[in-house]
Amino acid sequence: MREQRIQVNLSTERKPKPQTDQLGFGKIFTDHMFVMDYTDELGWHDPKIIPYQPLTLDPASMIFHYGQTVFEGMKAYLTSDNRILLFRPERNMQRLNRSNDRLCIPRIDEEFALEALKQLILVDKEWIPKAEGTSLYIRPFIVATEPFLGVHPSSSYKFVIILSPVGSYYKEGIQPVKILVENAFVRAVAGGTGEAKTAGNYAASLKAQETASLKKYSQVLWLDGIEKKYIEEVGSMNVFFKINGEIITPELNGSILQGVTRDSVIQLLRHWGLTVSERKISMQEVYDAYHAGQLEEAFGTGTAAVISPIGEFFWNDEQLLIHNGQTGEVAKRLYHTLTGIQNGTEPDPFNWVTEVGQEVPAK
Ligand SMILES: *Cc1c(COP(=O)(O)O)cnc(C)c1O
C-alpha cells in the first residue's frame with residue numbers, strides 16, 4: 001500500500017459526554033470516526049478522521065443484498081494514571097485480514113489501520129470513561145459499496161472505525177449466566193464462514209438467541225453443524241470447561257471464531273501451570289462429567305464480558321447446575337488477571353498491552 005496521510009477534519013460541535021450509569025453497551029458514539037475507501041483502480045485510499053455521521057450509500061450497494069462485510073471488536077482502557085491502553089490490537093487487525101480473505105475483501109495494511117485507530121482514539125480520548133470496568137469499545141468494519149445486483153466480490157469498499165464508550169459488563173460483580181444447549185439451529189459449519197467475523201453469522205444466530213431468551217436463558221451453547229454432538233461456542237464467545245482438573249476448550253476447527261481472549265486465557269492458564277487441552281469435546285462428555293461430579297467449572301471468553309462464568313446448562317430437558325450456580329475459582333482468577341492487565345493494575349508478563357500515544361510515529 002502507498003504511504004498515506006490521514007486527513008483530520010474535526011467536528012465543530014461536541015456531543016455531551018454520558019454519565020457512567022447511562023453507558024450500557026454500544027448505544028453511544030463519540031464525536032469522530034475514521035473512514036477509508038477502496039476501489040480496484042486506487043486500492044485503499046483517502047484515509048480520514050471526520051465528524052461522526054451517517055454513511056451515504058447507493059441502495060444497490062452490495063452490502064445490503066449479499067452481506068459482503070467484516071468487523072472487529074476491541075477495547076481501549078484508561079489507567080488510573082491516565083494512560084490509554086489497547087489489548088493485543090495487532091491480533092484484531094490480523095483477524096480482520098483473515099476475515100477479509102474469507103469474504104473476498106481486499107486486505108488492509110494492518111500497521112496503518114492500527115495507526116489510524118490510535119489517532120482516532122487520541123482525537124476522541126475525552127470519551128474514554130474512567131469508572132472501574134468501563135472502557136471505549138472499538139468497532140472497525142468494512143462494507144462492500146459497489147452498486148450492482150450481481151453476485152460477485154464488490155469492486156469498491158469502505159473501511160470505517162467507530163468508537164463507543166461502554167459501561168461495566170458486570171454492574172453487580174461478576175455473575176454466572178444460564179445457557180440453553182441448542183439442538184436444532186447451528187451457528188456455522190466447517191467450510192462455512194464461522195471462522196470469520198462477518199455479519200451473516202450473527203444474523204443466522206438470532207433465531208436461536210430469541211428462543212433461548214423467551215425461556216429465560218441468556219445465551220445458547222452451539223453444537224457442531226454436522227452431528228450436533230461437539231461443542232463449538234457459547235453465544236458469541238469461546239467456551240472453556242474444567243473437568244476433573246483438566247481445562248478443555250474446543251480446538252479451532254474452521255467453524256469456531258479464533259478469539260483473542262481465548263488465546264490469552266490459554267496462555268495464562270499454561271503460565272500458571274494448569275493443564276489446558278484444545279480438543280474436541282462433546283456435550284455428552286460434559287453431561288457424563290456432570291453426573292460423575294467432575295464438571296468443576298464452565299465459562300465463556302470474549303472482549304465484551306472478558307470472562308463470563310456459566311452457572312447452568314439446560315440440555316434435553318435436564319438442568320445441569322455448575323459449581324452450585326456460583327463463579328468458579330479459575331474464572332475468577334482469569335477475570336481478575338485479564339482485566340488487571342487491560343487496566344494496567346496487574347503485571348503484563350506477555351507484553352500484551354500497547355500504550356496509545358507513546359511510540360514514535362512511523363515516518
Ligand atoms: C468476537 C467473537 C468471539 C470472541 O473473540 P474475542 O477476540 O475474544 O473478542 C468469539 N466468538 C464469536 C462468534 C465472536 O464473534
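Quick caveat, the model's predicted, so the values are computed rather than measured. (Residues numbered from 1 in each chain as written. Predicted model: local features only at pLDDT ≥ 70, side-chain atom pairs only at ≥ 80, totals over all residues. Heavy atoms only, no water.)

*Asks:* How should I be thinking about the environment of Leu-96 in this particular structure?
*Replies:* With respect to the helices and strands, the residue Leu-96 is situated in helix α2 (residues 89-102). Overall, Leu-96 belongs to the buried group, its relative accessible area being 0%. Separated by 45 residues in the primary sequence, Leu-96 and Phe-141 place their C-alpha atoms 8.4 Å from one another. Other than its neighbours up to four places away in sequence, Leu-96 contacts Val-70, Phe-71, Glu-72, Ile-108, Ile-142 and Phe-159. (Helix = DSSP H or I, 4+ residues; strand = E, 2+ residues; numbered from the N terminus. Buried < 20%, exposed > 50% of the residue type's maximum accessible area, 1.4 Å probe, protein only. Contact = heavy atoms within 4.5 Å.)

*Asks:* Even after reading the chapter, I still don't get the pairing of strand β7 (residues 135-144), so can you show me in this structure?
*Replies:* Strand residues, when the strand is regular, have side chains that alternate between the two faces of the sheet. The buried fraction of β7 amounts to nine of the ten residues, a majority that puts the element mostly inside the structure. Bridge count for strand β4 (residues 69-71) against β7 is three bridges, and the pairing is antiparallel. Bridged to Phe-71 within β7 is Phe-141. By the bridge criterion, three bridges tie strand β5 (residues 74-78) to β7 in an arrangement that is antiparallel. Considered in β7, the bridge of Ala-76 is made with Leu-136. Two elements, β7 and strand β8 (residues 156-166), share ten bridges in a ladder whose sense is antiparallel. If you follow Pro-140 over to β8, its bridge partner there is Ile-161. (Pairing = 2+ DSSP bridges.)

*Asks:* How should a nonpolar patch on the surface be read in this particular structure?
*Replies:* Taken together, Tyr-66, Leu-149 and Val-151 make up a surface patch of nonpolar side chains, about 340 Å² in accessible area. Relative to the elements of secondary structure, Tyr-66 occurs in helix α1 (residues 62-66). (Patch = residues over 30% accessible without salt bridge, like charges linked within 9 Å, V, L, I, M, F, W, Y side chains within 5 Å. Areas by Shrake-Rupley, 256 points an atom, 1.4 Å probe, with all protein chains shown as cover. Salt bridge = Lys/Arg side-chain N within 4 Å of Asp/Glu carboxyl O.)

*Asks:* Where do I start with the site of the ligand in this structure?
*Replies:* Among the 14 residues in the neighbourhood of the ligand, the closest are listed as Lys-197, Tyr-202, Glu-233, Thr-261 and Thr-303. A distance of 2.4 Å separates an oxygen atom of the ligand from a polar atom in the side chain of Tyr-202. Taking 380 Å² as the accessible area of the ligand by itself, protein coverage stands at 96%. Residues of the shell around the ligand, tallied by class, amount to four nonpolar, six polar and four charged. (Near = heavy atom within 4 Å. Polar contact = N/O pair within 3.5 Å; in protein donor to acceptor, adjacent residues only side chain to side chain. Nonpolar A, V, L, I, M, F, W, Y, C, P; charged D, E, K, R; others polar.)

*Asks:* Quick question: what am I supposed to make of the domain arrangement of the chain here?
*Replies:* When the parts of a complex come together, some accessible area is lost, and that lost area is often used as the size of the interface. Under the domain assignment, the chain is made up of domain 1 (7-167 + 352-356) and domain 2 (177-327). The straight-line distance from the C-alpha centre of domain 1 to that of domain 2 is 28 Å. Facing the 20 residues of domain 1 at the interface are 18 residues of domain 2. Taken together, both faces of the contact between domain 1 and domain 2 bury some 1,500 Å²; the carbon and sulfur share is 57%. In this structure, the connection of domain 1 to domain 2 is made through two salt bridges. Of the charged contacts in the structure, one is a salt bridge between Arg-88 and Asp-263, with a shortest N-O distance of 2.9 Å. Counting across the interface, domain 1 meets domain 2 through eleven residue pairs in polar contact (both at pLDDT 80 or more). Put simply, the parts of the chain that give the side of domain 1 that touches domain 2 at least two residues each are β4, β5 and α2. Sorting elements by how many residues they give to the side of domain 1 that touches domain 2 places α2 first, with six residues. Of the residues contributing to the side of domain 1 that touches domain 2, the split by class is eight nonpolar, five polar and seven charged. (Domains from an automatic or database assignment. Buried area = accessible area lost by both parts, 1.4 Å probe.)

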